[in-house]
Amino acid sequence: MLEALEDAGVEMMFDCRKGECGLCEVKVLALQGAIDHRDVFYSERQQHAAAKMCCCVSRAVTSPTGLQADSARGGPAIVTIAVS
């Protein structure tokens, strides 16, 4: 997601590109699907809340459970974010 935002001309703050520093944090405004948190920045409770994500490594996945078997039932995952 970070590369897509940069390609779109959004000036993003980031450092590690490994999900460790939290500088690339974006606020999740709406979500159809689930967030596959691949960071080590957020606690388990924060990841479960799905209110923010580190856009350098985390992904939006199609199914609410994150399981590929469930993704055949729905369309693409959609995440609406706010960039500070």
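Above this note sits the structure.
The text that follows walks through the structure, step by step, so that each part is easy to find. (Residues numbered from 1 in each chain as written. Predicted model: local features only at pLDDT ≥ 70, side-chain atom pairs only at ≥ 80, totals over all residues. Heavy atoms only, no water.)

When helices and strands are tallied, the chain shows three helices and five strands. Counting from the amino terminus, helix and strand elements in the chain follow one another as α-β-β-α-β-β-α-β. Looking at the chain as a whole, 26% of its 84 residues are labelled buried. (Helix = DSSP H or I, 4+ residues; strand = E, 2+ residues; numbered from the N terminus. Buried < 20%, exposed > 50% of the residue type's maximum accessible area, 1.4 Å probe, protein only.)

Once that is clear, we can look at unusual backbone geometry. With a phi angle near 55°, Arg-17 is a residue other than glycine that sits in the positive phi range. Position of Arg-17 among the secondary structure elements: in the loop between α1 (2–7) and β1 (25–32). One non-glycine residue, Ala-50, lies in the positive phi region at around 55°. With respect to the secondary-structure elements, Ala-50 resides in the loop between α2 (44–49) and β3 (52–54).

What follows covers the state of the cysteines. The final tally for this structure, using the stated rule, is zero disulfides. For the unlinked cysteine Cys-55, the closest cysteine sulfur is that of Cys-24, found at 4.3 Å. Assessed through its relative accessible area of 0%, Cys-55 is described here as buried. (Disulfide = S-S within 2.5 Å.)

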